[in-house]
Amino acid sequence: MTINELKERVIEGGEISFEEALQLAETPDREALYAAAEEITRHFGKPEFNPCSIINARAGKCSENCKWCAQSGHYHTDSDVHGIISAEEAVNQAKHDEKKGVKRFCQVTSGRAVKGPALQKICDNYRRLREETGMFLCGSLGLLDKEDLEQLWDAGMRRLHCNLETAPSYFGELCTTHTIDDKMKTLKAAKQLGFQLCSGGIIGMGETRRQRIELAEKLREINPDSIPINILHPIKGTPLAETPLIDDEEILLTVALYRFMHPKAELRFAGGRARLSHETRLKALKIGINSAVVGDLLTTVGSAIDEDRELALEAGYRP
């Protein structure tokens, strides 16, 4: 099948297979692939760029041994450490971002899960956020069960974030304290309760191109509304500190393939993109990226909200 034939199938509501995605990845005509991905993006996507902002609601001393993460208690890094933030801090940050035009706000916590008193504090924060802002409320709070999720729903959270991070065939090389199946249980439980889903991963952690496509295929099991695409920012003190940087062209290829495989999802630029050239970021927005995590991004510095808005306008989106 040609690139255009696969594009037309997707636009007509069909899917490309895992094998066809692999074939697209090997095409010598990258510009034709990018043009097709841009057409799919325009066909299914909204004209508005859809940013969200995050706050590090609990930081550091995480029990999990994810090799990419500065917040893991297994490694020696300069990551901040603090307990659950106050409702005032959450509300103040949300109000600041809301004035900048951001409409989604996510509390993000380190640790395997938020349980007990910590969960109650997080829920209290959501109640205050719901009362005092107009933000759509999201959460990235670890591995949760149905009872935890019900409490969060009652408090006002409406989108759950839980990245699969990488392909099932590679995940065990990077983390042994939990599994992709653990993550999928949380995501499926949230979907059953009515939550929107946000789930993606990090590219450039030593995985193969095939494994990046494998992650996109695994995500089809839950069809997330939003797929964050993080680019590894190697952090001193973590086992991936010396990992060679993935190149810009491979990043663009990944964006195009994910657009083919998830034509209706928000593809959300997240951590690591700040190092990319202006040209690469602009092209990524045209061929698939139509949303972003804005502001400072947990343990790495993100793009400024105004800078992201200007780039989105240049790419043809409305604010």
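Scroll up to find the structure.
Quick summary incoming for the structure in this document.

Mapped onto the secondary structure, asparagine 65 falls in the loop between strand E1 (50-58) and helix H4 (87-99). Excluding its chain neighbours within four sequence positions, the residues that come into contact with asparagine 65 are Ser72, His74, Tyr75, Leu174, Cys175, Thr176 and Thr177.

The next subject is helix H11 (residues 278-287). Among the residues of H11, Thr280, Arg281, Leu282, Ala284, Leu285 and Ile287 are the ones counted as buried. Along its buried surface, H11 packs onto helix H3 (30-44), helix H10 (248-261), strand E8 (266-269), strand E9 (289-294) and helix H12 (305-314).

The residue isoleucine 203 is located in strand E6 (residues 201-203) in this model. A sequence separation of 182 residues divides isoleucine 203 from alanine 21, and the C-alpha atoms of the two residues are 17 Å apart. When sequence neighbours within four positions are dropped, the list of residues in contact with isoleucine 203 reads Arg212, Ile229, Asn230, Ile231, Leu232, Ile246, Ile251 and Thr254.

The next subject is the pairing of strand E3 (residues 136-140). Where burial is concerned, most of E3 is hidden: 4 out of the 5 residues are buried. Both strand E2 (residues 104-109) and E3 contribute to a ladder of 5 bridges, which runs parallel. Note that in E3 the partner of glutamine 107 across the bridge is glycine 139. Regarding topology, helix H5 (residues 116-132) serves as the crossover connection from E2 to the parallel E3, and that connection is right-handed. Pairing analysis gives 2 bridges linking E3 to strand E4 (residues 159-161), with the strands arranged parallel. What sits directly across from cysteine 138, in E4, is arginine 159. Traced from E3 through helix H6 (residues 146-155) to E4, the parallel crossover comes out right-handed.

Turning our eyes to something else, we now look at the nonpolar core. Among the nonpolar cores identified, the biggest contains 95 residues, and Trp68, Tyr126, Leu152, Phe260 and Leu285 are the most heavily contacted of them. Here this core gets 9 residues from one element, more than from any other, and that element is H10. With residues near it in sequence (within four places) discarded, tyrosine 126 still touches Gln107, Leu137, Cys138, Gly139, Leu141, Leu152, Ala155 and Met157.

For the rest of this paragraph, the subject is the packing of aromatic side chains. Within the structure shown, the criterion is met by 2 aromatic pairs. Judged by centre distance (5.0 Å) and plane angle (85 degrees), the rings of tryptophan 153 and phenylalanine 195 are edge-to-face. Within this pair, whereas tryptophan 153 is found in helix H6, its partner phenylalanine 195 is found in the loop between helix H8 (180-193) and strand E5 (196-198), the two being separated by 42 residues in sequence. Classification of tryptophan 153 as partly exposed rests on a relative accessible area of 28%. Lying over the aromatic face of phenylalanine 136, arginine 104 brings its terminal NZ or CZ to 4.5 Å of the ring centre. Seen from the ring of tryptophan 153, arginine 158 lies directly overhead, with NZ or CZ sitting 3.7 Å from the centre.

Reading the values: rules and limits
- Residues numbered from 1 in each chain as written.
- Predicted model: local features only at pLDDT ≥ 70, side-chain atom pairs only at ≥ 80, totals over all residues.
- Heavy atoms only, no water.
- Helix = DSSP H or I, 4+ residues; strand = E, 2+ residues; numbered from the N terminus.
- Contact = heavy atoms within 4.5 Å.
- Buried < 20%, exposed > 50% of the residue type's maximum accessible area, 1.4 Å probe, protein only.
- Pairing = 2+ DSSP bridges.
- Right-handed = clockwise from strand over helix to strand, strands pointing away.
- Core = buried A, V, L, I, M, F, W, Y, C linked by side-chain atoms within 4.5 Å.
- Phe/Tyr/Trp six-rings, centres within 6.5 Å; stacked < 30°, edge-to-face > 60°.
- Lys NZ or Arg CZ within 6 Å of the ring centre and 35° of its normal.

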